[in-house]
Amino acid sequence: VFTISASANGNGSVTPTGVTSVNYDGSQAYTISAGVGHHVDSVLVDGVNQGAITSTTFSNVTANHTISAYFSINVYTVTASVNGNGSVTPAGVTNVNNGGSQAYAIAANVGHHIDSVVVDGVNQGAVTGHTFSAVAANHTIVGYFSVDVFTVTASAVGNGSVTPAGVTNVNFGGSQAYTIAAATGHHIDSVLVDGVNQGVVTSHTFSNVVANHTIEAFFSIDVFTVTASVNGNGSVTPAGVTNVNYDGSQAYTISANVGHHVDSVLVDGVNQGAVTSYTFSNVVANHTIEAFFSINVYAI
């Protein structure tokens, strides 16, 4: 009668266990089983490694034998990756023992934000952390990041334009140029950037944008003057300097005093004759009107 001694090292079993008696030329089968979350690492028969076998049989037994099984805990991987400008920590591949846990931190770089975090293909939303608990399989975690986007809101008050108009999206750290132009017959009165008056500028550029902004342009109509003057005894009404809006009109009445008459009326230096009225139409420049009066002379 010979003996076969079976032993297990780690979390598993060799069946039958301990010392088994076997008659001369007999045989004995063995089963090697790992515990939950473990695997057969190697099996030594009479000191010779047979690999990670799960069974063996001693046949035609003519001597004593030994069988020793070695078991190791299962190790799984969690693979972390990044799409965009940010980090998932720890990065790359991390080994986790069966039943263990592994925590991850998700952080966006400056000027960016977490768009989504996908764990084993399932979107977890814009979370900043995730922990794998009671690990019993391989896992993946992917962080998706997007650049922060800010708005520049442009508006025009009056007859003119700010280009581009309305709301424009600008990426973090980006720039956006604007052109301010008055319509014909109008002029830029002022341009406010984030509520601060920049004066009568025709352009403005937002550089290294890290916040929302506003640009607002105010336009006014061009105003021209008509200057009326009198030489002699009479009147031009309205008198003096009169303001007239672009493309507007202004009528004048020329009247001689008693005993006098209109001699001539000069408009912008050009004699219009002895007219008693004159109208400036579609005004697009400054003008003058000058009336000359003479005393009436009678023959006796």
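Heads up: the structure comes first, above all this text.
Residues numbered from 1 in each chain as written. Predicted model: local features only at pLDDT ≥ 70, side-chain atom pairs only at ≥ 80, totals over all residues. Heavy atoms only, no water.

**What about the overall build of the chain?**
Helices and strands together make up the secondary structure of the chain, namely 0 helices and 32 strands. For the chain, the C-alpha radius of gyration of 49 Å lies well beyond 19 Å, the compact-globule estimate for 300 residues. Seen through its C-alpha atoms, the chain measures out along the principal axes to roughly 180 × 25 × 20 Å. When burial is assessed residue by residue, the chain has 31% of its 300 residues classed as buried. Counted over contacts in the chain with a minimum sequence separation of 6, partners at least 24 positions apart contribute 54%. (Helix = DSSP H or I, 4+ residues; strand = E, 2+ residues; numbered from the N terminus. Rg over C-alpha atoms; globule rule 2.2 N^0.38 Å. Buried < 20%, exposed > 50% of the residue type's maximum accessible area, 1.4 Å probe, protein only. Contact = heavy atoms within 4.5 Å.)

**Regarding the sheet that holds strand β4 (residues 28-34)**
Strand order across the open sheet formed by 3 strands is β2-β4-β7, with antiparallel pairing between neighbours. A strand with exactly one partner marks an edge of an open sheet, and here the two such strands are β2 (12-15) and β7 (55-58). On average, each strand axis in the sheet is inclined to that of its neighbour by 15°, with strand direction left out of account. (Pairing = 2+ DSSP bridges. Axes fitted to C-alpha atoms, helices over the stretch in contact; angles between N-to-C directions.)

**Regarding the packing of aromatic side chains**
The final tally for this structure, using the stated rule, is 6 aromatic pairs. Considering the side-chain rings of F2 and Y24, the 6.5 Å spacing of their centres and the 45° angle between planes classify their relative orientation as tilted. You can see F2 sitting in strand β1 (residues 2-9) and its partner Y24 sitting in the loop between β3 (18-22) and β4, a full 22 residues away along the chain. Look at Y24 and you get exposed, because its relative accessible area is 60%. (Phe/Tyr/Trp six-rings, centres within 6.5 Å; stacked < 30°, edge-to-face > 60°.)

**So, the sheet that holds strand β10 (residues 86-89)**
An order of β10-β12-β15 is seen for the 3 strands of this open sheet, with the pairing classed as antiparallel. What marks the edges here is a single partner per strand, and that holds for β10 and β15 (129-132). For this sheet, the mean angle separating the axes of adjacent strands, direction not counted, is 15°.

**Notes on the side chain of S42**
One can find S42 in strand β5 (residues 38-45). Dropping the residues within four chain positions of it, S42 is found in contact with N49, G51, A52, S68, A69 and Y70.

**Observations regarding the side chain of T94**
Looking at where T94 falls in the secondary structure, it is placed in strand β11 (residues 92-97). In this structure T94 touches Y76, T77, V78, Q102 and Y104, once residues within four positions along its chain are discounted.

**Digging into unusual backbone geometry**
Put simply, T89 and P90 share a cis peptide bond, and its omega is 5°. Checked against the element boundaries, P90 lands in the loop between β10 and β11. Across the junction of T163 and P164, the peptide omega takes the value 0°, indicating a cis bond. Inspection of the secondary structure puts P164 in the loop between β18 (160-163) and β19 (166-171). At N60, a position not held by glycine, the phi torsion is positive, near 50°.

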